[in-house]
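Here's the letter readout for the chains.
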Amino acid sequence: MKYNKNLIFNIQKFSIYDGPGIRTTIFYKGCPLSCSWCHNPESKKSVPEILTKDQNCKGCGSCLNSCPVNKLYINNGRVCSVKDIECKGCGKCADCCINSARELAGKEYNLNDLVGLIESDQIFYDESGGGVTFSGGEPLLQIDSLEKLAHKCKMHGIHVAVDTSGQVPFEYFERIIPHADLFLYDIKIMDLKSHKLHTGVSNNLIIENLKKLSLNKAKVWLRLPVIDDLNNNDKHIDSVLKLLCSINIDQINILPYHDMAIGKATITDRVEKFKTPSDHFINHMQKRFQDNGYKTIIGG
Amino acid sequence: MERGFTKRTQKLRNESVSTKPNISMERSILITEAYKKYEGTVDIPILRALTFRHLMENKKLHISSGDLIVGEKGPSPLSVPTYPELCCHTLDDLDVMNNRERIGFEVVKDDLKIQEEIIIPFWEKRSIRSKIFEHVSDEWKDCYHAGIFTEFMEQRSPGHTVADGKIYEKGFSDFIADIDNEIVSIDYKNDRRALDRKVQLNAMRITCEAIISYGKRYYELAISMANNEKNPERKEELLKIAENCKTVPANKPKSYWQAVQMYWFIHIGVTSELNNWDAYSPGRLDQHLIPFYNQDTESGEIGRGKARELLECLWIKFNNQPAPPKVGITLKESATYTDFANINTGGIKKDGSNGVNEVSYLILETMDEMKLLQPSSNVQISKKTPNNFLRKALEVSRKGWGQPAFYNTDVIVQELILAGKEIRDARQGGASGCVETGAFGKEAYILTGYFNLPKILEITLNNGFDDYSSRQIGLKTGEVTDFKSYEEILSAYEKQLKHFIDIKIIGNNIIERIYGKQMPAPFLSVMTDDCIKRGMDYNEGGARYNTSYLQGVGIGTITDCLTSIKYNVFDEKKITMEELISAINSNFEGHENIYNLVKHKTPKYGNDDDYADNIMKSVFDMYHRLVTNRPNMKGGTYRINMLPTTCHIYFGSVMKASVNGRLSGKPLPDGISPEKGADVNGPTSVIKSASKMDHINTGGTLLNQKFSPSIVEGEKGINNLASLVKSYFALDGHHIQFNIIDKKVLMEAQKNPDDYNDLIVRVAGYSDHFNNLEKALQDEIIERTDQKFN
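Attention here is on the structure that accompanies the text. Predicted, not measured: the structure shown is a model, and the values here were computed from it.

## Description of the overall build of chain B
Then step 1. When you go through chain B residue by residue, the secondary structure sums to 31 helices and 17 strands.
Then step 2. Oriented by its inertia axes, the alpha-carbon framework of chain B measures out at about 85 × 60 × 55 Å.
Then step 3. For chain B, buried positions account for 67% of its 790 residues.
Then step 4. Here the analysis covers contacts within chain B between residues at least 6 apart in sequence; of these, 77% occur between residues at least 24 apart.
Then step 5. Charge centroids of chain B, computed over 100 positive and 108 negative side chains, lie 2 Å from each other.

Right, dumping it as structure tokens:
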């Protein structure tokens, strides 16, 4: 891992859909998958980068001189970037942007600052049965720092959940298991080809890791994103159920796709538009899992 | 949808919400008659008592068809008396009331004539309002008109007092016996107050007789209505009402129904005697009613349903009494029909044990079903409160219109003990009005005025000169650009703050004495321990505890302003003081960079960020230090609380742009809430920031949180809300309440008010119809940070 520190693109307090109770969710930057429906496109790259909201840019030029590599210029009343020059992700242009048209995604935090931020809401975790959730991106990509952070949280009696894509070497899991109370584990598409097409990787490792996690008696909530025309079919449900025969999980969360990310600050046109699956299908899916004895919840 | 547990309460509620408030001259005429008859011939306390008696013996009685509880302040529901001995309205005032778009009162032509020919000639120079403006200094007036502070007592009398349990153990003939006992034991040989004592006690005695007469008159009316009633069921009810009025208020109540009637007679008595702020409240109603409830449900006298219907009848009675009409700045600070009767449910008992009982749940059901602006209803939550009660209260609160509010019993008790109350009195205390703490039945805790904390910084930065009123109202503490450090600015601010607090308190001292001498309240004195024992009036300091409050407004803004100066000018040196001042002087026009810096890139209160929150603490401590424990004129002391009613709109309107990016004329945040849009880390961070304030050193703070409905859906939603409340209370927060509504709905309601007549929102320490709020206040509520999940 290039960064020894924690590279974080968002910290969400009062997070109520990422595990039990009131939580703080730490979003790690960097992801091995490139899901076509991804809600957090800024989570992909493992380096800080600038997000722009072009409609906010008034072309005032406040940012131009701040750029140490002279990447910025004005064209047609808007700030543009010279493609050939690499952005260092220093964030200076975002600092001086008056109109909130530029934002830095990805900030390095040292361990103790993060522990402080997480601990500051401990009273709410205690009251609600909440805690901290490490999400991303893929938090396990930063296993060196994550391991230390999770360990500290555990020492402070904070419930730790890890929200993972599963696409990392299993040894990363082995290192985090002693410090994690719960894994939120995504199974996106069971069909291998389709998985590769829409996420950029095969799902072999993801499924293997889930099985191993189960063997290690880790507590797992399986999270199943549902996207219209992609995995909203019984075949997908059947394959998940088949997979579940060989593993132990605590509950299933069905996460219907929504298009909130459209309109979010973007880096590129990475986000494709997908449709939200019908309530009818979601209810059907819930019932199928429930009929098979799984506690199944719609939403986080 | 018809609201009401029975057809009867549906009908009564419907009448209450559909009648337009109107002005009644009845009281003005009656008190003028009494003054013309007695003034000059008797001592002032006796004059006030005889006036009260004249009123209670002659005011029109009213029993609506279906009424189970009787008594109205005016001649009929929603008919509002005026109090010319306090504030003698001009014809213009009445015209404004009749025609203003919001919080209007119908005034009929004939009444204008009465006002012009009878009321104004007699009261114009006699009114307390005119005496106040005669006696206070010019500098007080300058500050008042500049919007530095408001004055609660210029149109309404001191109040903020709540009933305790004695009225369920004693009737007024028993109070007369108590008074007579004191009269015979007056020590004329040694006590220099002996004569005063006699006069005060005699006055109190007359008011007891007056309320007994009032009850007797209702007894007679009910009997005569029963005699003419054809419907046997109603006839029986009227006879029952007659029986109730034969018992109370002369004697202690014998049944649940009579207990409710007893309180209501007293409510009418207190609020007819004077128009004291925050009307009157039954306090710990659930604890007072439970013995009667248990007795009557066990004997089969009433069932749970009847008990609930009677509570609904009481609720409707509260709603039948809009706040006395206000004008001028007093209207701006409290622009609402709500008169702030605030019922405390739950909490703990005298012995410190859990106070929740079956009537507590009945009260929750009643407020839920009635959904009325009045009375304000809250729940007190202690660490002993069953989770079930908290969750039931949250289920009502989740419906989004702001009731019940949540108060922290354990903190209230500590606040009261810190202010010198005995533990038993503290445990039976609570919050009234919006959030103000007091020992029920034993304390006069007077709110004296709102105090504009951020405006004083504006004046400090302008070397004592106020641009709004174009006057040098502050001290010359130096040109701000000459200050070398943040500490120098803070120290100048402290000097100015002290200067204005001094002016306010000097004014208060004068006003307190005007009331003490000219406007005793003998009936309220009977209700408040230890006025009888001391032979001293409520307005003279007869209560066991006497507290004067000064309510700080805009802590979020003043914090962010000082933070902006410290961070941007001194610590980070991003801009100079000159640049900052020049930006606010032009409302940030042409200074977009500075606006962006102070608005978006500066630490802010409400984010659990110690940089800003420590500044909040330092300003809070300063305000606390400069006010708390100063003596008032009643033998008590000053304390602070942090609430605004609607004053944050008015205070914002008299200010130019602030150095935190708040634009000219824009409202201040309500209560201890962060500045609009400043809190970006969600509700847990707001709660953390707010709890860094030392709530126990106040007499109440107010925190509003707005949520999107989706956040609080389902079982999980209740869990989350319960956790927020319990966490805030574990951190010693005083009060929290919720608006749970979509911003879109509010915006839609603003566009099409007629479609949203039923929309009620939480404003500050009370709820109001969205349509009753002026546009600036509507906008302010729309702009409050929506706590949602991203």
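## Here's the deal with the overall build of chain A
Then step 1. Per the secondary structure count, chain A includes nine helices and 13 strands.
Then step 2. Taken against the 2.2 N^0.38 rule, which gives 19 Å for 300 residues, the C-alpha radius of gyration of chain A at 20 Å falls within 12% of a compact globule.
Then step 3. Seen through its C-alpha atoms, chain A measures out along the principal axes to roughly 60 × 45 × 35 Å.
Then step 4. In chain A, buried positions account for 52% of the 300 residues.
Then step 5. Taking all contacts inside chain A whose residues are at least 6 apart in sequence as the whole, residues at least 24 apart take part in 69%.

## So, helix α7 (residues 204–215) of chain A
Residue and element names in this part refer to chain A.
Then step 1. Over its twelve residues, α7 runs 17 Å from end to end, which matches the ideal 16 Å to within 8%, given 1.5 Å per residue.
Then step 2. Residues of α7 that are buried include every one of Ile-206, Ile-207, Asn-209, Leu-210, Leu-213 and Ser-214, and no others. Down the axis of α7, the smallest arc covering the buried residues is 160°, so these residues share one side.
Then step 3. Against α5 (170–176), β10 (182–186), α6 (192–199), β11 (220–226) and α8 (234–244) lie the buried residues of α7.
Then step 4. Within two residues after α7, Lys-217 carries a phi angle of roughly 60°, on the positive side.

## Some words on the sheet that holds strand β11 (residues 545–553) of chain B
Residues and elements named next belong to chain B.
Then step 1. Judged by pairing direction, the sheet is parallel, and its three strands sit side by side in the order β8-β11-β12 without closing on themselves. Lying at the two open borders of the sheet, with one neighbouring strand each, are β8 (443–452) and β12 (637–641). Going from strand to strand, the sheet's axes swing by 30° on average, the running direction of each strand aside.
Then step 2. Contacting β8, β11 and β12, helix α20 (residues 486–518) runs over the sheet at an angle of about 140° to β8.

## Some thoughts on the interface of chain B and chain A
Then step 1. Contact residues are listed per partner, giving 24 residues for chain B and 23 residues for chain A.
Then step 2. For the pair chain B and chain A, the summed buried surface comes to about 2100 Å²; carbon and sulfur atoms form 59% of the total.
Then step 3. On the surface where chain B and chain A come into contact, there are zero salt bridges.
Then step 4. Elements that contribute at least two residues to the side of chain B that touches chain A include exactly α25 (592–600), α28 (683–690) and α29 (714–730) of chain B.
Then step 5. With seven residues, the top contributor of residues to the side of chain B that touches chain A is α29(B).

## Observations concerning unusual backbone geometry
Then step 1. The peptide bond linking Val248(B) to Pro249(B) adopts the cis configuration, its omega dihedral lying at 5°.
Then step 2. Among the structural elements, Pro249(B) can be located in the loop between α10 (232–247) and α11 (256–273).
Then step 3. In this chain, Asp529(B) is followed by Asp530(B) through a cis amide linkage whose omega measures 0°.
Then step 4. Note that Asp530(B) resides in the loop between α21 (522–527) and α22 (531–534).
Then step 5. Within the chain, Asn70(A) stands out as a residue other than glycine whose phi angle is a positive 55°.

## Regarding the sheet that holds strand β9 (residues 159–164) of chain A
All names here are of chain A.
Then step 1. The strand order across the open sheet built from nine strands is β7-β1-β2-β8-β9-β10-β11-β12-β13, with neighbouring strands paired in mixed fashion. Looking at strand neighbours, the two that pair on one side only are β7 (107–109) and β13 (296–298), the edges of this open sheet. Within this sheet the neighbouring strands show an average axis-to-axis angle of 30°, counted without direction.
Then step 2. As judged from the four bridges shared by strand β8 (residues 131–136) and β9, these two strands associate in the parallel manner. Pairing of Phe-134 across the sheet is with Val-162, part of β9.
Then step 3. Contacting β11, β12 (251–256) and β13, helix α9 (residues 279–291) crosses the sheet at an angle of about 165° to β13.

## Here we look at the packing of aromatic side chains
Residues and elements named next belong to chain B.
Then step 1. Applying the stated criterion across every chain yields a total of 37 aromatic pairs over all chains.
Then step 2. On the basis of an interplanar angle of 25° and a centroid distance of 4.9 Å, the ring pair of Phe-52 and Phe-523 is categorised as stacked. Of this pair, Phe-52 sits in helix α3 (residues 44–58) while Phe-523 sits in helix α21; the two residues are 471 residues apart in sequence, bridging distant segments of the chain. One exposure class covers both Phe-52 and Phe-523, and it is buried.
Then step 3. Note on Phe-152 and Tyr-450: the rings are 5.2 Å apart at their centroids and 70° apart in plane angle, and the pair reads as edge-to-face. Note that Phe-152 is positioned in the loop between α7 (138–146) and α8 (172–184) and Tyr-450 in strand β8, a separation of 298 residues in sequence.

## Let's talk about the nonpolar core
Then step 1. Residues Phe172(B), Tyr256(B), Trp315(B), Phe406(B) and Phe451(B) are the most contacted members of the largest nonpolar core, which totals 250 residues.
Then step 2. Of all hydrophobic cores here, the second largest spans 52 residues; its members include Ile11(A), Val115(A), Val132(A) and Ile254(A).

## Considerations on the state of the cysteines
Then step 1. Under the definition given, this model contains zero disulfides over all chains.
Then step 2. Between Cys35(A), a cysteine without a disulfide, and Cys38(A), which holds the nearest cysteine sulfur, the sulfur-to-sulfur distance is 6.2 Å.
Then step 3. A residue is classified by how much of its surface remains accessible, and Cys35(A), at 14% relative accessible area, is buried.
Then step 4. Considering cysteine sulfurs only, Cys208(B) is the nearest to Cys531(B), which forms no disulfide, with 12 Å between them.

## Topic: a negative patch on the surface
Then step 1. There is a patch of like negative charges on the surface, built from Glu479(B), Asp482(B), Glu578(B) and Glu579(B).
Then step 2. Overall, the relative accessible area of 48% leaves Asp482(B) in the partly exposed class.

## Details of the pairing of β8(B)
All names here are of chain B.
Then step 1. In terms of burial, β8 is a largely internal element, ten of the ten residues being buried.
Then step 2. In terms of strand pairing, β8 meets β11 through eight bridges, oriented parallel. From the neighbouring strand, Asn-452 faces β11, where its bridge partner is Val-553.

## Here's the deal with the packing of helix α15 (residues 358–370) of chain B against helix α16 (residues 387–397) of chain B
Residues and elements named next belong to chain B.
Then step 1. Two elements in contact, α15 and α16, have axes whose closest approach is 10 Å; the angle formed by their N-to-C orientations is 10°. When the axes of α15 and α16 are compared, the pair comes out roughly parallel. Contact residues: Ser-360, Tyr-361, Leu-364, Met-367 and Asp-368 in α15; Asn-388, Phe-389, Lys-392, Ala-393 and Val-396 in α16.

## Notes on the environment of Asp121(A)
Then step 1. The topology assignment puts Asp121(A) in the loop between α2 (111–119) and α3 (122–128).
Then step 2. Considering only alpha carbons, one finds Asp121(A) and Ile22(A), 99 residues apart in sequence, at a separation of 9.0 Å.
Then step 3. Contact partners of Asp121(A), with chain neighbours within four places excluded, come to Lys13(A), Thr24(A), Asp608(B), Thr684(B) and Lys688(B).
Then step 4. For Asp121(A), the side chain forms a polar contact with the side chain of Thr684(B), separated by 2.5 Å.

## Things to note about the pattern of salt bridges
Then step 1. Taken as a whole and judged by the stated rule, the model has 62 salt bridges over all chains.
Then step 2. Between Glu49(A) and Lys45(A) there is a salt bridge, and its shortest N-O distance comes to 3.9 Å.
Then step 3. The partly exposed category is assigned to Lys45(A), whose relative accessible area is 42%.
Then step 4. With its nearest N and O atoms 2.6 Å apart, the salt bridge here joins Arg205(B) to Glu209(B). Separated by four residues within a single helix, Arg205(B) and Glu209(B) lie in helix α9 (residues 194–228), roughly one turn from each other.

Thresholds applied
- Residues numbered from 1 in each chain as written.
- Chains lettered and ligands numbered in written order.
- Predicted model: local features only at pLDDT ≥ 70, side-chain atom pairs only at ≥ 80, totals over all residues.
- Heavy atoms only, no water.
- Helix = DSSP H or I, 4+ residues; strand = E, 2+ residues; numbered from the N terminus.
- Buried < 20%, exposed > 50% of the residue type's maximum accessible area, 1.4 Å probe, protein only.
- Contact = heavy atoms within 4.5 Å.
- Lys, Arg positive; Asp, Glu negative; His and termini not counted.
- Charge placed at Lys NZ, Arg CZ, Asp CG, Glu CD.
- Rg over C-alpha atoms; globule rule 2.2 N^0.38 Å.
- Expected span 1.5 Å × (residues − 1).
- Arc of directions from axis to C-beta.
- Pairing = 2+ DSSP bridges.
- Axes fitted to C-alpha atoms, helices over the stretch in contact; angles between N-to-C directions.
- Buried area = accessible area lost by both parts, 1.4 Å probe.
- Salt bridge = Lys/Arg side-chain N within 4 Å of Asp/Glu carboxyl O.
- Phe/Tyr/Trp six-rings, centres within 6.5 Å; stacked < 30°, edge-to-face > 60°.
- Core = buried A, V, L, I, M, F, W, Y, C linked by side-chain atoms within 4.5 Å.
- Disulfide = S-S within 2.5 Å.
- Patch = residues over 30% accessible without salt bridge, like charges linked within 9 Å, V, L, I, M, F, W, Y side chains within 5 Å.
- Areas by Shrake-Rupley, 256 points an atom, 1.4 Å probe, with all protein chains shown as cover.
- Parallel < 35°, antiparallel > 145°, perpendicular 65-115°, else oblique.
- Polar contact = N/O pair within 3.5 Å; in protein donor to acceptor, adjacent residues only side chain to side chain.

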